[in-house]
Amino acid sequence: MAAAVLLVLGLAAAWSVLIPGVGAWENTVVAMIGSLRLTGPVSAAFAAWVAVRRRRESGRWLPTTWRAVRTPLAVAAVPAVAFAATALVLAVRTILGEQSGRLPPSGLLMGMAGLALYVAIGWVTGWLLPWTITPVIAGLGCYGLFAWLVRSGTWADRLAPATREPYDPFQGLSTAAFADQTFWLLGISAVLLLGWAAVVTRQSLALAGALLAVLAAAAGMARLLNEPRTVTAQRVVYSCEEWPIMVCVHPGMRDGLPELGSAFVRIASRLAGTPGEFSRLEQRPRREDAPLPPGSVPIHVDDLSSGFADQAAAEFVESLAPRCAGTTAQGYRDIVVAWLAGRPLPGGPLAEHQYAAAWFAGLTDTQRRDWLRTHYDRFAGCGLQSGDFGGQVPQVAQPAAPVPGGHPVPAGPAPQASALYGTPGGAPTAAGAPPLPRTAPATSAHRSAPTAPDR
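For the structure given in this document, a descriptive report is provided here.

Taken in spatial order, the four strands of this open sheet run E1-E2-E3-E4, and their pairing is mixed. Lying at the two open borders of the sheet, with one neighbouring strand each, are strand E1 (239-242) and strand E4 (296-299). Between one strand and the next, the sheet's axes are offset by a mean angle of 20°, whatever the strand orientation. Where E1 meets strand E2 (residues 246-249), four bridges bridge the pair, whose relative direction is antiparallel. The partner of Glu 241 across the bridge, within E2, is Val 247. Together, E1, E2, strand E3 (280-283) and E4 form the strand contacts of helix H9 (residues 257-270), whose direction differs from that of E2 by roughly 135°.

With the rule as written, the count across this model stands at 12 salt bridges. A salt bridge links Arg 323 to Glu 318, with the nearest nitrogen and oxygen atoms 3.7 Å apart. Glu 318 gets classed as partly exposed once you look at its relative accessible area, which sits at 29%. A salt bridge links Asp 365 to Arg 368; the shortest N-O distance between them is 3.6 Å. Of the two residues, Asp 365 and Arg 368 are both situated in helix H13 (residues 365-380); the distance of three residues between them amounts to about one turn of the helix. The exposure class assigned to Arg 368 is buried, which follows from its relative accessible area of 12%. Ionic contacts of the salt-bridge type, sharing partners, join the residues Glu 318, Arg 323, Arg 333 and Asp 334 into one network.

By definition, a disulfide links two cysteine residues through a covalent bond between their sulfur atoms. Applying the stated rule across the entire model yields two disulfides. The disulfide bridge from Cys 240 ends at Cys 248, spanning 2.1 Å between sulfur atoms. Negative torsions about the S-S bond denote left-handed disulfides, and the value of about 115° found for Cys 240 with Cys 248 makes this one right-handed. Overall, Cys 248 belongs to the buried group, its relative accessible area being 0%. Bridging Cys 324 to Cys 382, the disulfide has an S-S length of 2.1 Å. Here Cys 324 and Cys 382 share a disulfide; its torsion about the S-S bond, -90°, makes the bridge left-handed. On the criterion of sequence distance, the pair formed by Cys 324 in the loop between helix H10 (308-319) and helix H11 (327-341) and Cys 382 in the segment after H13 is long-range, its members being 58 residues apart. Classification of Cys 324 as buried rests on a relative accessible area of 11%. Sequence-ordered numbering of the disulfide-bonded cysteines in the protein chain gives the connectivity 1-2, 3-4.

Procedures and definitions
- Residues numbered from 1 in each chain as written.
- Predicted model: local features only at pLDDT ≥ 70, side-chain atom pairs only at ≥ 80, totals over all residues.
- Heavy atoms only, no water.
- Pairing = 2+ DSSP bridges.
- Helix = DSSP H or I, 4+ residues; strand = E, 2+ residues; numbered from the N terminus.
- Axes fitted to C-alpha atoms, helices over the stretch in contact; angles between N-to-C directions.
- Contact = heavy atoms within 4.5 Å.
- Salt bridge = Lys/Arg side-chain N within 4 Å of Asp/Glu carboxyl O.
- Buried < 20%, exposed > 50% of the residue type's maximum accessible area, 1.4 Å probe, protein only.
- Disulfide = S-S within 2.5 Å.

Okay, structure coming up:
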């Protein structure tokens, strides 16, 4: 029954850790190790429950070392069988799909060594505290202890039976780190069990074994702490698809190629002929800023969950121009970004933004592309102004009218400002913007919008 419960919990926990859409063996191994966050405390609670019953049946002392360690070893076999069954189910899932990378066996061994540590802690706790509530204490204590170690961000997080950081498909996994971690986990588990056996049997053989286990655990800890934090990124052979632009992603994410191509083709067409023009998209890790060949731009795709392509496209468009410090410049930037992303043009927080959005909405895509080619440097440098969107006559407030008696009468609201546009007849107005005049005298302080060439 315990093995069945641990199998169900392990599958549920591993499935929640899997990165959606990433068909890679490393993703499966990380999910298996991540399942220990749930199955480990449950294994500790199960071992504590068996230890409490054993203590009440046999008393405080045991005759031989083998008789002492036989029961905890049998208890450790239960979560190990459940872990192996969970790994088999996930391996079959990975094989049926288009997987990439390779299966590191040292990662699975590290997972089993982590379960052994959970069982050792639960067993010793249950024997020392033979209470009915001890299994709950052991399970919650293990969960809190290792969760704190993983999130501490110090050297101690390497000692927990978990991966050091979120899985990065471009970085891969370190088999040497898994081997050192396995050495440490098995060593500290042997220290707990053999030390407990030396106490309950009073035999020198168990004490000698515990001292040897201390040396093994110390060696594993030293290797872990001396290993560098960063892991060199592994070489990736991209999976690419060209239609109508070239899109290249990690081979484990090749299923997302069609959706990425559809999301970026409109952006590529609107940036054609501008300094931001591109013909090739290449997925890159977020922490890498390596240069790309001309015509290529980086994109970031963390997983293939619902809406991943739209999210990557929106992030790419936002990266074309930094967010502006001033409200006025930010409003003009948002208009251009919304057009590139295919969103409705925003009205903006100021009246001049509404005029600019109305003027920009009156242009065709060809005119907007020509406009962006001319104003791209201002767009990327937060230098857009009202004159770049057809211009705007500033609003002038009317003074208060004097009346007999010296008491001024407040004037009515100032008239709305009118905009001047270079297109004949003006541009359509945006939602909430005042109507645009059709016959306004041109002034030298405002520039007209670029128009499409006659065909």
